[in-house]
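Spelled out, the chains give:
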Amino acid sequence: MLVHLALVDQESDKNPRDETVPVSEFPRGCVGHGYGDGRVPIQMQTPCTGYNPRGMCGIVGIVGCPPEDTRVIERMTERLHHRGPDDRGTWCSADAQLGHARLSILDLSPAGHQPMQLGDLVLTYTGEIYNFRQLRRGLEGDFVSDGDTEVLLHLYAREGAACLRQLTGMFAFAVWDQRRRRLFAARDRLGIKPLYYRPLPGGVAFASEIKALLELGQPATDPSAIRDVLTYGWVPTPKSAFCGIHKLPPGHLMTWQDGRLSIERYWQPEPRAEITDMAEACEELDALLGEVVPDHTLSDVPVGVFLSGGIDSTTVTAYLDHPKTFTLSQDVAHRSEAPAARIAAAHFGTDHHEVTAGAIDLEQALSAMPNLYDEPFGDSGAWSVWMISRLARQRVTVALSGEGGDELFCGYQWYSRWFTTPSSPIHDILARLVPPVTNYGRSLHRNTTCGLERYATFLGVFTPQQKSALLGPRLADAHDDDLWFYRKNWRDDLDPLHRLQWADVHTYLPEGMLTKVDRASMD
């Protein structure tokens, strides 16, 4: 399974890892495998991941009951200018208004302008479809552009919702069918591209970011979502921090017609392993990466790699021909990834660039965060993504990274720690005596848990005891089950290892990792 993600290979303080391997053991064209810190086996942690350090366009729309004043949709589109600074367009009718802010990646000509119309269908789309050239060969009709947008529009015209089964890539898009007065919208399988929606009297609005939907008025904050932030570090899908504004879940589609809004799942990962022989797995993965990594560089603009020197990003670099590489160095030597990245860059002969982050840079990055995320978000690694994105944007428009491998190949430290036997019953006694709002109190609580609750202590922000000590009545009573989102994505029917992977792919990956980079790479 390969993931094309909006992730930079920079790790947050929350999930440290030491997975740097000597590049002498990492020949060009081969996958790496070995051990990182001696506790977690690293088995081919080599997903192909990529992202655009200036976003990948922004989409907005209001259907069913659009305002007569078209300046509203224009303002909504303008709010996403940071996602698409190259072009901006709107399309308006009595029943629908769509907007698009474009970052030009494929077909830089005006022929790629959006919203794009084909007969009764009007499309606004963000992302990249990597197999669009293969899809185009099977489609009839006259094409006026060379990009993937028009291919998607023709494919939808022929297949309808079934087109989703044929798409390889990352995307969020919406199609308005004028004749049927029907909206169809979808988000990619793992949630790389964001899509929010807001039900309205007689219609629905949607956008790539919350800030655009706030142009329709600012609703009250959701106390349960704020409490969720203290549990997860982010607001879990389908909630947002605002009442009445929701996230479309990954792998889901949305339709609106005749006043009825429907949300359906169209894709679910398969937890069963199809290859059980290690040699066969290595051979298959090597061949797959050799095909997919170059495919992810299809672009009419410069492409680079975020290189940390770790296994994931170094593997991506190995499958490219002397790419530009970018590394964030820190002025605290033992925390800097730069030395390992330099070794990898020299081995593969890349055009390597570094930037050193200091206290002033951190302050500048933190001041930008609230406007980027629109709601509380607690991953401390966001600032480093913001920094490396600014460096990369000076020389490239698209970058690849190695993130996503930890979820697929069990790279996080909590995979091994979750399996360890909880400490003796004395910890139950100490956990009741030690103040909960301390690191020691948190550690003691973790050692008294198992299963889902133990998983939550590794990924979560505050334990239930800590929240009880910190929160006032309004947030303390916001809801009854703090772990509802983890519980929703916890599979007791799977073996323990697949259970953890399943939970990560459905929770931490889309809600934390992908959200972090999508927003932090936009400023």
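About the criteria used
- Residues numbered from 1 in each chain as written.
- Predicted model: local features only at pLDDT ≥ 70, side-chain atom pairs only at ≥ 80, totals over all residues.
- Heavy atoms only, no water.
- Helix = DSSP H or I, 4+ residues; strand = E, 2+ residues; numbered from the N terminus.
- Buried < 20%, exposed > 50% of the residue type's maximum accessible area, 1.4 Å probe, protein only.
- Contact = heavy atoms within 4.5 Å.
- Areas by Shrake-Rupley, 256 points an atom, 1.4 Å probe, with all protein chains shown as cover.
- Polar contact = N/O pair within 3.5 Å; in protein donor to acceptor, adjacent residues only side chain to side chain.
- Pairing = 2+ DSSP bridges.
- Axes fitted to C-alpha atoms, helices over the stretch in contact; angles between N-to-C directions.
- Parallel < 35°, antiparallel > 145°, perpendicular 65-115°, else oblique.
- Phe/Tyr/Trp six-rings, centres within 6.5 Å; stacked < 30°, edge-to-face > 60°.
- Lys NZ or Arg CZ within 6 Å of the ring centre and 35° of its normal.

Draft legend 1. The overall build of the protein, seen in detail. For the protein, the helix and strand inventory stands at 20 helices and 19 strands. For the protein, buried positions account for 58% of its 523 residues. In the protein, 70% of the contacts between residues at least 6 apart in sequence involve partners at least 24 apart. As presented, the protein carries roughly 21,100 Å² of accessible surface, and 51% of it is formed by carbon and sulfur atoms.

Draft legend 2. Fine view of the environment of Leu 216. With respect to the helices and strands, the residue Leu 216 is situated in the loop between helix H4 (210-213) and helix H5 (223-232). Judged by its relative accessible area of 28%, Leu 216 falls in the partly exposed class. Setting aside chain neighbours within four positions, we find Leu 216 in contact with Ile 62, Val 72, Met 76, Arg 198, Leu 200 and Ala 205.

Draft legend 3. Here's a closer look at the environment of Asp 177. Structurally, Asp 177 is set in strand S9 (residues 169-177). Residues Asp 177 and Gly 119, spaced 58 residues apart in sequence, show a C-alpha to C-alpha distance of 9.1 Å. Leaving out residues up to four positions away in the same chain, Asp 177 has contacts with Asp 120, Leu 121 and Arg 182. Here the side chain of Asp 177 touches Arg 180 through a polar contact of 3.2 Å, landing on its backbone nitrogen.

Draft legend 4. Expanded view of the sheet that holds strand S12 (residues 203-207). An order of S5-S6-S4-S12-S11-S13 is seen for the six strands of this open sheet, with the pairing classed as antiparallel. Two strands in the sheet have a free side with no partner beyond their single neighbour: strand S5 (87-92) and strand S13 (246-247). In terms of strand pairing, strand S4 (residues 58-63) meets S12 through four bridges, oriented antiparallel. Looking across to S12, one finds that Val 63 is bridged to Val 204. On top of the sheet, helix H1 (residues 71-78) reaches S4, S5, strand S6 (96-102) and S12; it is set at about 155° to S4, its chief contact.

Draft legend 5. How the structure looks around the packing of helix H19 (residues 496-506) against helix H20 (residues 508-520). The geometry of H19 relative to H20 is characterised by a closest axis approach of 4 Å and an angle of 50° between their N-to-C directions. Classified by the angle their axes make, H19 and H20 are oblique. For the pair H19 and H20, contact is made by Ala 503, Asp 504, Val 505 and His 506 and by Tyr 508, Leu 509 and Pro 510, respectively.

Draft legend 6. Highlighting the packing of aromatic side chains. With the rule as written, the count across this model stands at 14 aromatic pairs. Taking the centre distance of 5.1 Å and the plane angle of 35° together, the rings of Tyr 156 and Phe 184 count as tilted. Residue Tyr 156 is found in helix H3 (residues 148-159), and its partner Phe 184 is found in strand S10 (residues 182-187); the two are separated by 28 residues along the sequence. Here Tyr 156 and Phe 184 have matching classes, each one buried. Seen in terms of ring centroids, Tyr 232 and Phe 485 are 6.0 Å apart; in terms of plane orientation they differ by 85°. Their pairing is edge-to-face. A residue pair is termed long-range when its members are at least 10 positions apart, and Tyr 232 in helix H5 and Phe 485 in helix H18 (residues 484-488) qualify at 253 residues. Here Tyr 232 and Phe 485 have matching classes, each one buried. Feature note: the residues Tyr 232, Trp 234, Trp 418, Tyr 455, Trp 484, Phe 485, Tyr 486 and Trp 490 constitute an aromatic cluster, connected by ring pairs. Over the aromatic face of Trp 502 sits the side chain of Arg 491, whose NZ or CZ is 4.5 Å from the ring centroid.

Draft legend 7. Structural detail: H5. Of all 10 residues that make up H5, seven are buried, and the element is covered over most of its length. Listed in full, the buried residues belonging to H5 are Ser 224, Ala 225, Arg 227, Asp 228, Val 229, Thr 231 and Tyr 232. Just downstream of H5, Gly 233 is the residue with a positive phi angle, here 95°.

Everything listed is a geometric property; what it means functionally is a separate question.
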